[in-house]
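Notes for the structure review
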Amino acid sequence: MSLLTRFRGLSSILQQFKVSYSSAATAAKLQELALEENCILVNENDQSLGNASKRDCHRVDDKGNIRLHRAFSVFLFNSKGEMLLQRRSTHKITFPDCYTNACCSHPLHDIEGEREELNALGIRRAAQRRLNYELGIPLSQVRPENFHYLTRIHYADKGDGVWGEHEIDYILFLQKDVELKPNESEVSEVRYIRRDQLDAQISGLNAPLTPWFRLILNHRLKLWWDNLHRLKKFQNLNEIERF
């Protein structure tokens, strides 16, 4: 069975469960199934090295290493300039019950179109797919050309020592009013926050932040947020940033 056939089968299963997530066992099963998806392995220069399952890409090995793979983080703003914050479901394998930006996931090696590297098109397609799956945003409202690709960030975090992250993370900004219907298997809460309330809102959260969101918050988010209407000035497409 080809990888693409396996992925299509998994997608079909996921869609069957999309309407209702009342069962914790069902939500946990969906997360387990998602671990069979194949991420894109890369080197430190973001050159593709093949693929490995999401499970293998997020397990911390005996030496504390995690396989480097390609990922993306979407920061979504409405027309008033407010940013969407989501709280990850308690069923998530990595960093459950943590607050983070609108959507964080991976392009899949199993989907040919998401391996397209020119203009980060594969990443944009993956972002469209995941915004639809996680937040229920209609595909027509988040087309690939709507995303503003800003930069890539290389980061690692060992998480709980069993599951962690090691990613070349593509940063995508999107400012648009969208319809939301969160998938309870993925997201337990969504809220929009204002720029002038950012520090107070973050300090008042009753759950931790994901490591990638905290990293971006500490180093770049405020600058980018203050310049939503001239983001092109802050693009860095030729380097991979490391903090």
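Residues numbered from 1 in each chain as written. Predicted model: local features only at pLDDT ≥ 70, side-chain atom pairs only at ≥ 80, totals over all residues. Heavy atoms only, no water.

1. A closer look at the pairing of strand β1 (residues 38-42)
Most of β1 is tucked away: five of the five residues are buried. In the sheet, β1 pairs with strand β2 (residues 48-53) via five bridges, with the strands oriented antiparallel. Counterpart to Asn 38 in the pairing with β2 is Ser 53. Where β1 hands over to β2, the hairpin turn is made up of five residues, of which Asp 46 adopts a positive phi near 65°. (Buried < 20%, exposed > 50% of the residue type's maximum accessible area, 1.4 Å probe, protein only. Helix = DSSP H or I, 4+ residues; strand = E, 2+ residues; numbered from the N terminus. Pairing = 2+ DSSP bridges.)

2. Comments concerning the pattern of salt bridges
Using the criterion set out here, one finds 19 salt bridges in the structure. Notably, a salt bridge pairs Glu 117 with Arg 70, separated by 3.2 Å at the nearest N-O pair. Of this pair, Glu 117 sits in the loop between β6 (103-105) and α4 (121-135) while Arg 70 sits in strand β3 (residues 69-77), and the two are 47 residues apart along the sequence. Residue class for Glu 117 comes out partly exposed when judged on its relative accessible area of 49%. Residue Arg 70 is classed as buried on the basis of its relative accessible area of 3%. A salt bridge links Glu 186 to Lys 92; the nearest nitrogen and oxygen atoms lie 2.6 Å apart. (Salt bridge = Lys/Arg side-chain N within 4 Å of Asp/Glu carboxyl O.)

3. Section: the pairing of strand β8 (residues 165-175)
Of all the eleven residues making up β8, ten are buried; the element is thus mostly covered by neighbouring parts of the structure. As defined by bridge partners, β3 adjoins β8 across nine bridges and the pair is classed as parallel. Looking at the pairing, Phe 75 lines up with Phe 173 of β8. Relative to β8, strand β7 (residues 148-157) is paired through nine bridges, and the arrangement is antiparallel. Bridge pairing links Tyr 149 to Leu 172 in β8.

4. Quick word on the state of the cysteines
This structure, assessed with the given rule, holds zero disulfides. There is no disulfide at Cys 57, and the cysteine sulfur nearest it, in Cys 39, is 4.4 Å away. According to the relative accessible area criterion, Cys 57 is buried, its value standing at 0%. Summary of cysteine pairing: Cys 104 is not part of a disulfide, and the nearest cysteine sulfur, belonging to Cys 103, is at 6.4 Å. Taking the relative accessible area as the measure of exposure, Cys 104 reaches 12% and is therefore buried. (Disulfide = S-S within 2.5 Å.)

5. Considering α4
Counted at 1.5 Å a residue, the expected span for α4 with its 15 residues is 21 Å, and the 21 Å between its end C-alpha atoms agrees. In terms of residue burial, α4 counts as a mostly covered element, since twelve of its 15 residues are buried. Those residues of α4 not exposed but buried are Gly 122, Ile 123, Arg 124, Ala 126, Ala 127, Gln 128, Arg 130, Leu 131, Asn 132, Tyr 133, Glu 134 and Leu 135. Immediately beyond the C-terminal end of α4, within one or two residues, lies Gly 136, with a positive phi of roughly 70°. (Expected span 1.5 Å × (residues − 1).)

6. Let's talk about unusual backbone geometry
Phi is positive for Phe 95, which is not a glycine, with a value near 50°. Tracing the sequence through the fold places Phe 95 in the loop between β4 (83-88) and β5 (99-100). What makes Phe 95 buried here is its relative accessible area of 14%. We note that Asp 97 has phi near 55°; this positive angle belongs to a residue other than glycine. Within the fold, Asp 97 resides in the loop between β4 and β5. Classification of Asp 97 as partly exposed rests on a relative accessible area of 26%.

7. Let's talk about the confidence of the model for the protein chain
Detailed reading of the predicted coordinates is not advisable wherever pLDDT falls low. The predicted model of the protein chain has a mean per-residue pLDDT of 92, with 91% of residues at 70 or higher. Across residues 1-9, confidence stays below pLDDT 50; counting only partners more than four residues off in sequence or on other chains, it has twelve contacts. (pLDDT = per-residue confidence, 0-100. Contact = heavy atoms within 4.5 Å.)

8. So, the packing of aromatic side chains
According to the stated counting rule, one finds eight aromatic pairs in the structure shown. Here the aromatic rings of Phe 95 and Trp 212 are separated by 5.7 Å at their centres, their planes lie at 85°, and the arrangement is edge-to-face. Taken together, the positions of Phe 95 in the loop between β4 and β5 and Trp 212 in helix α6 (residues 211-225) put the pair 117 residues apart, joining distant regions of the chain. On the basis of relative accessibility, which here comes to 3%, the residue Trp 212 falls in the buried class. Taken together, the aromatic side chains of Phe 75, Phe 77, Phe 173, Phe 213, Trp 224 and Trp 225 make up a single cluster linked through ring pairs. Above the plane of the ring of Trp 163 lies Arg 59, whose end atom (NZ or CZ) is 4.7 Å from the centre. (Phe/Tyr/Trp six-rings, centres within 6.5 Å; stacked < 30°, edge-to-face > 60°. Lys NZ or Arg CZ within 6 Å of the ring centre and 35° of its normal.)

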